[in-house]
Amino acid sequence: MPARRRSAALSQAAVAAFFMTSAAAIAELKARLAKAESARDAWRAAGRQENYLAAYSMAEALGLQLDKLEASLGLHGVRGASAL
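What counts, and where the lines are drawn
Residues numbered from 1 in each chain as written. Predicted model: local features only at pLDDT ≥ 70, side-chain atom pairs only at ≥ 80, totals over all residues. Heavy atoms only, no water. Helix = DSSP H or I, 4+ residues; strand = E, 2+ residues; numbered from the N terminus. Buried < 20%, exposed > 50% of the residue type's maximum accessible area, 1.4 Å probe, protein only. Contact = heavy atoms within 4.5 Å. Areas by Shrake-Rupley, 256 points an atom, 1.4 Å probe, with all protein chains shown as cover. Phe/Tyr/Trp six-rings, centres within 6.5 Å; stacked < 30°, edge-to-face > 60°. Core = buried A, V, L, I, M, F, W, Y, C linked by side-chain atoms within 4.5 Å. Expected span 1.5 Å × (residues − 1). Salt bridge = Lys/Arg side-chain N within 4 Å of Asp/Glu carboxyl O.

Here we look at the overall build of the protein chain
Move 1: Across its full length, the protein chain carries two helices and zero strands.
Move 2: Buried residues in the protein chain amount to 18% of all 84 residues.
Move 3: If you take every contact in the protein chain between residues at least 6 apart in sequence, the share linking residues at least 24 apart comes to 50%.
Move 4: Accessible surface, the protein chain as shown: approximately 6200 Å² in total, 59% of it carbon and sulfur.

Here it is in structure tokens:
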């Protein structure tokens, strides 16, 4: 295999690995966000304001991380985007 073709194959593999890793990172963030939102809702229902505020902050932070990651991949921060 010529060096140029080998280089192209390696870069295609690198791109595929990047998107697989990014898809896994998005899935992990979505799972963490769902768990944080569930905890937030549970603390609110229980009337525990301090715990609710902490869980609210965590859910917001995870949502921002997810938006930032999706935007960096060209998904423009659309939650639930299924482009990957």
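Here the narrative resumes, following the displayed structure.
Some remarks on the packing of aromatic side chains
Move 1: For the structure on display, the rule yields one aromatic pair.
Move 2: Taken together, a centroid distance of 6.1 Å and an interplanar angle of 40 degrees make the contact between Tyr 52 and Tyr 56 tilted. Taken as a pair, Tyr 52 and Tyr 56 lie in helix H2 (residues 49-72) at a separation of four residues, close to a single helical turn.

What about the nonpolar core?
Move 1: Grouped together as the largest cluster of nonpolar side chains are eight residues: Ile 26, Leu 29, Leu 33, Ala 36, Ala 59, Leu 62, Leu 66 and Leu 73.
Move 2: Sorting the residues of this core by element identifies helix H1 (3-46) and H2 as the ones contributing at least two each.
Move 3: The biggest single contributor to this core is H1, with four residues.

So, the side chain of Arg 40
Move 1: Within the element layout of this structure, Arg 40 appears in helix H1.
Move 2: Apart from the residues lying within four places of it in its own chain, the contact partners of Arg 40 are Tyr 52, Ala 55, Tyr 56 and Ala 59.

Topic: H2
For the α-helix, the turn length of 3.6 residues means that residues three or four positions removed from each other point alike.
Move 1: The first and last C-alpha atoms of H2 sit 34 Å apart over 24 residues, in line with the 34 Å expected at 1.5 Å per residue.
Move 2: Positioned one or two residues after H2, Gly 74 has a phi angle of 85 degrees, which is positive.

A word on the pattern of salt bridges
Move 1: One pass over the full model with this rule turns up one salt bridge.
Move 2: Between Asp 41 and Arg 40 there is a salt bridge, with the nearest N and O atoms lying 3.1 Å from each other.

A closer look at the environment of Leu 53
Move 1: Residue position: Leu 53 is located in helix H2.
Move 2: Among the residues examined, Leu 53 registers a relative accessible area of 42% and is labelled partly exposed.

Some remarks on the environment of Met 58
Move 1: As for its position among the elements, Met 58 is in helix H2.
Move 2: The class for Met 58 is partly exposed, based on a relative accessible area of 43%.
Move 3: In the structure, Met 58 is positioned 26 residues away from Arg 32 in sequence and 9.5 Å away in space, judged by C-alpha atoms.

That's the geometry; what it means functionally is another story.
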